[in-house]
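Structural features, examined
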Amino acid sequence: MMGMPGGGGQPGPQGPAGTKDQLYLNGERVSGQEVRTQNVTAALSVANVVKSSLGPIGLDKMLVDDLGEVTITNDGATILANLEVEHPAARVLVQLSEMQDKEVGDGTTSVVILASEMLKRANELVKNSIHPTSIMSGYRLAMKESIKFIKDQLAVKTDKIGREVAFNIAKTTLSSKIFGRESEFFANLAIDAMTMVKTESADTGKPVYPVKSVGIIKQHGRSFKDSQLIHGYVMYGGRAGQGMPRTIKNAKIACLDIDLRKSKMQMGVQVVVTDPKKLEDIRQKEADITRDRIKLLLNAGANVVFTTKGCDDMAIKYFVEAGALAVRRCKKEDLRRISKLTGAQMMITFADMDGNESFTPDMLGTADEVIEERFADDDHIVIKGGKNQSACSVLLRGANMHMLDEVERSLHDALCAIKRALESASVVPGGGAVESALSIHLENFATSLGSREQLAIAEFASAMLVIPKQLSVNAAQDASDMVAKLRAAHNASQTDPTKAEMKHYGMDCISGKIQNNLQAGIIEPALSKVKMIQFATEAAITVLRIDDMIKLAPAQEGQ
Ligand SMILES: Nc1ncnc2c1ncn2[C@@H]1O[C@H](COP(=O)(O)OP(=O)(O)OP(=O)(O)O)[C@@H](O)[C@H]1O
Ligand SMILES: [Mg+2]
């Protein structure tokens, strides 16, 4: 669609030297200040959507998609994922929150708000004729300095994070999602879950906490308080046949993606049989194929068989006779987890290259116990003590599915926060403490530099304040007043050595006071703040670099 006038390989009328400085476009082109302002406006409107959900008193959003599916949430990443954002610059912000969600798990709202504020301020600077390149290098400098400051000054090493620290971290994360007492209940649940799945990394020998090993199942009915932690991996579903045992100790597990029903000839296959006896033989052969497969499994020692496909009465009969437990119509993702946990191979076929079918004992996974249990009036299969990893599951109860979904997301945030804190063993005070400390420090840092990045760093410093401001606005407090108090405290801590402990001062949204948040237990993993600043700066720079946008018109039908 894009080409020079008089294209088609032939030089234009004026020849190469005199080519017109005009591009023929089937679409539109926006450049310079105009595109920058457009992008910033789009980014700001994304931030405006999530702004009011920041902090413990942030409000929820109700999202209804084109199929009428309702989501009620407070999670920045979920809100943005459900919006179908079209503007390319705004999409950068959506991806930003996605990335934060993947890497850290929490802080997805803050990161978007921060990035958009940085962009807004950068745009003002450009309007005041500062070159974007200077702004970008200023922002990078400020980012590096901030991370250094957090690591050296603000982060508190808690080598052996006790239960209390982990509890406070989980509670801070959860308090912005679930109210009051329930956040304590779920914080405890989250810590118990994480300690249950603790393992040691094979490479470094350090303890690792895989969040994925904590399965979450939801059943509506009862109240939140009836949620429970179950030792082992829990899968929805029950035994294929009533004659099978409920409990199998020393389980040898086969995970199949194979149908265990009588195999049928494919549609459209025609066999002409003249002897009626042969017809019976064909029928027998069809049954035999499945019987042989089951024999293969049983001979290899399998006593638990999971399949994603079906399992008919004939197959069930064989399993019952052998005292094995079979479960049909399992979800594929469940089986993938189970095969990870127990070391079982996920079988798509038994056949080798030549078409001979075989199954060896090393394809089986092992677990201490596989049990069918009833939770919330439904059958579930619980797998305990897998060979490779231990797992646990949280059974969430609640009044309706929307609430349960939101609790699941919140619990996931809390699990991630605990993981980050335990693995890196360093925490920072929350409630705007880090952001205010950085704003003071960066302002001083900017004045110490004699280069043109100074202005950009000063703006970066002010952009930081958007978090405490928004937190207090959402908590119905006077934002200017709160931020001024916070800044005064942090200024004192950085200038007066006797007041150094004031560097942990942040606000408590609930009482509306400035306090030592480290002591008050409003803490967050240091990594989450570091990543937030890093990602937000990178995203702001990505958008800022753009000074030309060429958008082609979509191709017309029939062209
Ligand atoms: N009791 C509290 N008082 C003051 N600030 C708090 C309190 N609890 C949490 N915060 C602050 O709230 C912010 C976190 O809010 P929230 O969890 O809504 O957003 P997020 O973590 O950025 O995004 P998300 O959780 O949606 O991924 C953090 O800055 C944290 O310090
Ligand atoms: Mg959060």
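If you're wondering where the values come from, they're calculated on a predicted model, not measured in any experiment.

1. Let's talk about the overall build of the protein chain
Tallying secondary structure elements over the protein chain gives 17 helices and 21 strands in all. By its C-alpha atoms, the protein chain is 95 × 80 × 45 Å across when sized along the principal axes. Scored against the burial criterion, the 559 residues of the protein chain give a buried share of 42%. Excluding contacts between residues fewer than 6 apart, the proportion of contacts in the protein chain whose partners are at least 24 apart in sequence is 74%.

2. Some remarks on the pairing of strand β17 (residues 426-429)
Here β17 shows two buried faces, one formed by S426 and V428 and the other by V427 and P429. By the bridge criterion, two bridges tie strand β4 (residues 156-157) to β17 in an arrangement that is antiparallel. Paired with V156 across the strands is V427, a residue of β17. Here three bridges tie β17 to strand β20 (residues 523-525), and the two strands are oriented antiparallel to one another. Bridge pairing in β20 places V427 opposite P525.

3. Structural notes on the site of ligand 1
As a matter of local geometry, ligand 1 sits amid 27 residues, with T108, S110, S176, G430 and G431 nearest to it. Every element with two or more residues in the shell around ligand 1 is listed here: α2 (76-82), α4 (108-127), α6 (163-175), α14 (466-474) and β18 (505-508). In terms of residue count, α4 provides more of the shell around ligand 1 than any other element does, three residues in total. Each residue belonging to the shell around ligand 1 can be placed in one class, and the counts come to nine nonpolar, 13 polar and five charged.

4. Some details on the environment of N168
As for its placement among the helices and strands, N168 is situated in helix α6. Using a count of 23 C-beta atoms within 10 Å as the deciding quantity, one classes N168 as buried. For N168, the residues in contact, after removing those within four places along its chain, are G521 and I523.

5. Re helix α9 (residues 313-322)
Working note: α-helix, 3.6 residues per turn, so residues spaced by three or four point in the same direction. Along α9, the residues that are buried comprise A315, I316 and F319. The arc enclosing the buried residues of α9, seen along the axis, measures out at 100 degrees, which places them on a common side. Exposed side chains of α9 directed beyond 90 degrees from the buried face belong to D313 and E321. Tucked inside the fold, the buried residues of α9 contact α8 (276-299), β11 (304-307) and β12 (325-327). Positive backbone phi, at 70 degrees, marks G323, one or two positions downstream of α9.

6. Topic: the nonpolar core
Ranked by size, the top nonpolar core spans 150 residues in total, and within it A115, A190, I418 and A540 carry the most contacts. The dominant element in this core, judged by the number of residues it contributes, is helix α17 (residues 526-544), at 12 residues. Here this core spans two domains, and each of domain 1 (29-157 + 429-494 + 525-551) and domain 2 (233-389) adds at least three residues to it. Not counting chain neighbours up to four residues away, the residues in contact with A115 comprise L93, L96, A536, A539 and A540.

7. So, the confidence of the model for the protein chain
For the protein chain, the average pLDDT comes to 88, and 95% of its residues sit at 70 or higher. For the stretch residues 1-20, pLDDT sits under 50, and the model shows 18 contacts to residues farther than four places along the chain or on other chains.

8. A short note on α4
Over its 20 residues, α4 runs 29 Å from end to end, which matches the ideal 28 Å to within 8%, given 1.5 Å per residue. Across the 20 residues that make up α4, a large majority, 16, are buried. Positive phi appears at S129, one or two residues downstream of α4, with a value of about 55 degrees.

9. As for the sheet that holds strand β7 (residues 214-220)
Pairing is mixed in the open sheet, where three strands are placed in the order β7-β16-β8. The open sheet is flanked by β7 and β8 (228-231), the only strands paired with a single partner. Adjacent strand axes in the sheet meet at a mean angle of 25 degrees, parallel and antiparallel pairs treated alike. In this structure, β8 lies alongside strand β16 (residues 392-398), joined through four bridges in antiparallel fashion. If you follow L229 over to β16, its bridge partner there is V394.

10. Looking at the sheet that holds β17
Reading across from one edge, β4-β17-β20 is the order of the three strands in this open sheet, with antiparallel pairing throughout. Single-partner strands in this sheet number two, and they are β4 and β20. Against the sheet, α17 contacts β17 and β20, and its axis sits at roughly 65 degrees relative to β20.

11. Some thoughts on the pairing of strand β15 (residues 378-386)
Both faces of the sheet carry side chains from a regular strand, because those side chains alternate between them. Bridge analysis of strand β9 (residues 233-236) against β15 gives four bridges, and the strand direction is antiparallel. When the bridges of β15 are listed, Y233 appears paired with I383. Judged from the eight bridges that link them, strand β14 (residues 365-375) and β15 form a sheet pairing that is antiparallel. Bridged to R374 within β15 is D379. The antiparallel hairpin formed by β14 and β15 contains two residues in its connecting segment, where A376 sits at a positive phi of about 50 degrees.

12. Considering the packing of α4 against α17
Two quantities define a packed helix pair, namely the angle between the helix axes and the distance between the axes. Two numbers describe how α4 lies on α17: the axes approach to 8 Å, and their chain directions differ by 40 degrees. The orientation of α4 relative to α17 falls into the category oblique. For the pair α4 and α17, the crossing hand works out as right-handed. Contact residues: S110, V111, L114, A115, M118, L119 and A122 in α4; M532, F535, A536, T537, A539, A540, V543 and L544 in α17. Grouping the amino acids of the contact of α4 with α17 by side-chain chemistry returns 13 nonpolar, two polar and no charged.

13. Notes on unusual backbone geometry
Phi at N250 takes a positive value of approximately 45 degrees, unusual for a residue other than glycine. You can see N250 is positioned in strand β10 (residues 247-256). Even without being glycine, R329 reaches a positive phi, approximately 55 degrees. Looking at the secondary structure, you find R329 in the loop between β12 and α10 (332-342). The exposure class assigned to R329 is exposed, which follows from the 12 C-beta atoms found within 10 Å.

14. So, the packing of helix α5 (residues 132-154) against helix α13 (residues 454-464)
α13 packs onto α5 with a crossing angle of 55 degrees between their chain directions and a minimal axis gap of 8 Å. As the angle between them shows, α5 and α13 are arranged oblique. Two packed elements cross with a definite hand, and for α5 against α13 that hand is right-handed. Only A456, I457 and F460 of α13 make contact with α5, whose side of the interface consists of S134, I135, G138, Y139, L141 and A142. Taken together, the residues that form the contact of α5 with α13 break down as seven nonpolar, two polar and no charged.

Thresholds, definitions, all that
Throughout, a residue's number is its position along its own chain's written sequence, starting from 1. Working convention: letters from A go to chains and numbers from 1 go to ligands, in the order in which they are written. Per-residue local features are limited, in this predicted model, to residues with pLDDT of at least 70; the limit for side-chain atom pairs, both in listing and counting, is 80 or more; totals at the level of whole chains, interfaces and linings are taken over all residues. Each helix corresponds to a stretch of at least 4 residues labelled H or I by DSSP, and each strand to a stretch of at least 2 residues labelled E; elements are numbered beginning at the N terminus. Here a residue counts as buried when 20 or more other C-beta atoms fall within 10 Å of its C-beta, as exposed when 12 or fewer do, and as partly exposed in between; the C-beta atoms come from the backbone. Each residue is represented by a C-beta atom placed from its backbone, and any two residues with such atoms within 7 Å are regarded as in contact. In this description, strands pair whenever DSSP reports at least two bridges between them. To decide whether a residue is near a molecule or strand, its C-beta atom is placed from the backbone and checked for lying within 6 Å of it. Residue polarity is assigned by list, with Asp, Glu, Lys and Arg as charged and Ala, Val, Leu, Ile, Met, Phe, Trp, Tyr, Cys and Pro as nonpolar; anything else, Gly included, falls into the polar class. To be clear, the arc concerns the directions from the helix axis to the C-beta atoms. Each nonpolar core comprises buried Ala, Val, Leu, Ile, Met, Phe, Trp, Tyr and Cys residues, the members being joined through C-beta atoms within 7 Å. Per the annotation, domain bounds derive from an automatic or database assignment of domains. A residue's pLDDT is the predictor's confidence in that residue, given on a scale from 0 to 100. In a helix, the anticipated span is given by 1.5 Å times the number of residues less one. Only the contacting stretch of a helix is used when fitting its axis, a line to C-alpha atoms as for every element, and angles between N-to-C directions run 0 to 180 degrees. If an angle is under 35 degrees, it is roughly parallel; if it is over 145, roughly antiparallel; if it lies from 65 to 115, roughly perpendicular; otherwise it is oblique. By the definition used in this description, the sense in which the near helix is turned from the far one sets the handedness, with an anticlockwise turn below a right angle giving left-handed and a clockwise turn giving right-handed.

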